[in-house]
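Survey of secondary and tertiary structure
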Amino acid sequence: MFRGKLAALETSTALGSVALFEDGALVLEREQRVSNAHGESLLPMLDLALRDAGWKPSDIARWGVGIGPGSFTGVRIGVALAKGIHLATGAELVGVTSLDAIAAAAVGAVGAETIVAVLAAMRGEVFAQATGRIARGPTCVRIADWDAWRASLDAPEALVIGDASPIAEGTPPHARLVGRLAMTRAADDADALEPVYVRPPDITLPKSAKPKTPP
Amino acid sequence: MLVLGIESSCDETGAAVVTGDGRVLSDVVQSQVALHAQYGGVVPELASRDHLKNVGPVVREALTRASVRLADVDAVAVTHRPGLVGALLVGVQVAKGLAWAAGKPLVGVDHLVGHLFAVFLDRGEVRELPGFPFVALLVSGGHTAIYLVDAPRADAITELGGTRDDAAGEAFDKVGKLLGLGYPGGPVVDRLAATGDPTRFPLEAPMLHTKTLEMSFSGIKTRVAQLVEAGLPSGDRAEAVADVCASFQAAVVDVLVKKTLFAAEAHGVRDVVLGGGVAANRALRSRLGEAAAARGMRAFVPPLASCTDNAAMIAYAGALRAKAGERDGWDLVATSATVLPRVTRKGRGDR
Ligand SMILES: Nc1ncnc2c1ncn2[C@@H]1O[C@H](COP(=O)(O)OP(=O)(O)OP(=O)(O)O)[C@@H](O)[C@H]1O
């Protein structure tokens, strides 16, 4: 279990959040719902959180960072910021997936031997992952195929949790849970840390196959 | 002053350390060209993913090669416009994290402004520097325009005219593709043109004779497509391909040189500066130099490493801002459009 100052970032969904911990205890958390990923708001929110806590960036020995799956852009905003901070301070980085963070909220729930975490993935799909007695994923499932996928787990007792209407109407992943998990794990190789995209990249070429400056 | 610069606007991940007067202490560029080659163009999502994978090692290497610790750096500069937003924001976020955690000022840099001042980078060669004001031709795969640069500040740069459609580098790449020369086509077209006969398939770039400084390169690409469709002689196909390259290149270089010198004359400016990836083109480099000399002007053609996308030019343009006491907030965002006011509207008017 990690001791010392830890900060966590989560930007996989429209709900961006940061959380600060010291010796395993939550010090404070902040969150902000945005419509444009988190490029503009994440660092100002983090900066304010540190001021409120009376911390300096170099005080933080470990960072937990949400690595998706979720919004590609949102996740990159969090991971790239964490990589920059790591370059400056040498602090440890621990990547935590959004589905692990969602599942962490349910750990210990009565009778849930298997937890299925879900998160909306747009385009009629959800990101899904089963952990516990049955382990599967992370993967992308079409909402239309959900019942079949759920049945294929052969875990009728499984607790389905997360934010992927109409399958689950719970809360999106939060930095508080990213931080909790980041405490219990070994540090990642920061330079090699990459988002968990699950979905392959869209290979639709821009019309001219080149960036154009808009008029 | 020492500035760390980061660049990720398109398909190159770059980091560099430059002094306040432009001395390049390190300039690391990790190209993604091979990654995108199979698609014949830059795939935005692939570019973003690759930037995020490479940016850590690239920044580290720039500091190591310069023998500089982050603590010694006076500012962190980053390209925040124009370009692919998803690619830009990787560099922007890394730079913000670095600057914030290290307690350094952050300065956002417009990529085009970086190109326009790249001529001042000192890579250890003997060089002469242009004086202000100068006229600059910026010609790359994403941009083609002529600027009047009055002082070393972004707000002292005026666009005089640019392309109404394709960038010149884009036209080189499309012609390369039409001729089956792979991607990017520019360097191959350049190489083949050197052996080709530019008079066999006479081509002329549109708007060569108009008095405006606007240009157009999509028509000439269409002409090449027509030549290819009509069928190049199969007996001497390799030769014919080289001849098409030579004709195409001559026409493009012709219009670029003519308009640039026309702009300099019109503004009573003696110094002309070349920048952007297409400045690698040997015919363009030599023609601009000769034509400028013939008019009593001086042409400044930076070394290749300063013309193609690089982070040293971003660090230097950032140093200019930092020296002027400017800095950006932690809310700096990536933006697709340049800060330079455009006078040429895409697609407008007769060719
Ligand atoms: N020798 C050459 N002759 C002609 N074109 C060339 C030559 N070498 C490179 N190019 C062209 O230059 C372009 C690359 O320029 P650059 O490195 O500035 O990247 P870019 O992404 O186009 O830049 P920017 O983002 O600045 O617009 C490509 O279109 C390439 O074909």
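Keep in mind the model is a prediction, meaning the values are calculated, not measured.

1. As for the sheet that holds strand β9 (residues 271-275) of chain B
Residue and element names in this part refer to chain B.
- The mixed open sheet is built from 5 strands, whose spatial order is β8-β7-β6-β9-β10. Each edge of the sheet is formed by a strand with only one pairing partner; in this case those strands are β8 (157-162) and β10 (298-300). Taking the axes of each pair of neighbouring strands and ignoring which way they run, one obtains an average angle of 25° across the sheet.
- Here strand β6 (residues 134-139) runs beside strand β7 (residues 144-149); their pairing, made up of 6 bridges, is antiparallel. Bridge pairing in β7 links Leu-138 to Ala-145.
- This element, helix α8 (residues 237-266), spans β6, β7, β8 and β9 of the sheet and lies at about 155° to β6.

2. Brief notes about the environment of B:Val33
Residue and element names in this part refer to chain B.
- Inspection of the secondary structure assignment puts Val-33 in helix α1 (residues 33-37).
- Assessed through the 11 C-beta atoms surrounding it within 10 Å, Val-33 is described here as exposed.
- For the pair formed by Val-33 and Gly-91, sequence separation is 58 residues and the distance between their alpha carbons is 18 Å.
- Discounting residues that sit within four places of it in the chain, Val-33 has contacts with Asp-11 and Pro-184.

3. Thoughts on the domain arrangement of chain B
Residues and elements named next belong to chain B.
- For chain B, the assigned domains read domain 1 (2-118 + 306-323) and domain 2 (131-302).
- Distance between the C-alpha centres of domain 1 and domain 2: 27 Å.
- Each partner contributes to the interface: domain 1 provides 17 residues, whereas domain 2 provides 20 residues.
- Mapped by element, the contributors of at least two residues to the side of domain 1 that touches domain 2 are α1, α4 (111-117) and α10 (304-307).
- By residue number, the principal contributor to the side of domain 1 that touches domain 2 is α4, which donates 5 residues.

4. With respect to the site of the ligand
Residue and element names in this part refer to chain B.
- Near the ligand you find 23 residues, and of these Gly-141, Gly-142, Gly-169, Gly-186 and Gly-277 are the closest.
- Counting residues per element, the ones that place at least two in the shell around the ligand are α4, α5 (168-178) and α6 (186-193).
- Grouping the constituent residues of the shell around the ligand by class yields 6 nonpolar, 14 polar and 3 charged.
- Both domain 1 (2-118 + 306-323) and domain 2 (131-302) contribute no fewer than three residues apiece to the shell around the ligand.

5. Some remarks on the domain arrangement of chain A
Residue and element names in this part refer to chain A.
- Taken domain by domain, chain A comprises domain 1 (5-98 + 172-192) and domain 2 (106-169).
- Computed over C-alpha atoms, the centres of domain 1 and domain 2 are 25 Å apart.
- Contact residues are listed per partner, giving 5 residues for domain 1 and 4 residues for domain 2.
- Looking at the side of domain 1 that touches domain 2 residue by residue, the classes come out as 2 nonpolar, 3 polar and no charged.

6. Describing the confidence of the model for chain B
- Confidence in the prediction for chain B averages 95 pLDDT; 100% of positions are at 70 or higher.
- Model confidence for the complex: the whole-complex pTM is 0.94, and ipTM, which rates the interface, is 0.94.

7. Some details on unusual backbone geometry
- Put simply, A:Gly137 and A:Pro138 share a cis peptide bond, and its omega is 10°.
- A cis geometry characterises the amide bond from B:Arg81 onward to B:Pro82, with omega recorded as -20°.
- Positionally, B:Pro82 belongs in the loop between β4 (75-81) and α3 (85-102).
- Backbone geometry places A:Ala37, a non-glycine residue, at a positive phi of 55°.

8. Considerations on the interface of chain B and chain A
- Contacts between chain B and chain A engage 49 residues on the former and 36 residues on the latter.
- Residue assignment for the side of chain B that touches chain A shows that the elements contributing at least two residues are α2 (44-65) and α3 of chain B.
- The dominant element in the side of chain B that touches chain A, judged by the number of residues it contributes, is α3(B), at 13 residues.
- Each residue belonging to the side of chain B that touches chain A can be placed in one class, and the counts come to 26 nonpolar, 13 polar and 10 charged.

9. Examining the sheet that holds strand β10 (residues 168-169) of chain A
Residues and elements named next belong to chain A.
- Here we have 5 strands laid out as an open sheet, ordered β8-β7-β6-β9-β10, and mixed in their pairing. Looking along the sheet, the strands with just one partner apiece sit at the ends: β8 (136-142) and β10.
- As defined by bridge partners, strand β7 (residues 125-132) adjoins β8 across 5 bridges and the pair is classed as antiparallel. In the strand pairing of β8, Ala-128 is matched with Thr-139.

10. Points about helix α11 (residues 312-323) of chain B
All names here are of chain B.
- Over its 12 residues, α11 runs 16 Å from end to end, which matches the ideal 16 Å to within 8%, given 1.5 Å per residue.
- By the criterion of burial, α11 is predominantly enclosed, with 11 of the 12 residues buried.
- One or two positions beyond α11, positive phi appears at Gly-325, with a value near 80°.

Criteria and thresholds
- Residues numbered from 1 in each chain as written.
- Chains lettered and ligands numbered in written order.
- Predicted model: local features only at pLDDT ≥ 70, side-chain atom pairs only at ≥ 80, totals over all residues.
- Pairing = 2+ DSSP bridges.
- Helix = DSSP H or I, 4+ residues; strand = E, 2+ residues; numbered from the N terminus.
- Axes fitted to C-alpha atoms, helices over the stretch in contact; angles between N-to-C directions.
- Contact = placed C-beta atoms within 7 Å.
- Buried ≥ 20, exposed ≤ 12 C-beta atoms within 10 Å, placed from the backbone.
- Domains from an automatic or database assignment.
- Near = placed C-beta within 6 Å.
- Nonpolar A, V, L, I, M, F, W, Y, C, P; charged D, E, K, R; others polar.
- pLDDT = per-residue confidence, 0-100.
- Expected span 1.5 Å × (residues − 1).

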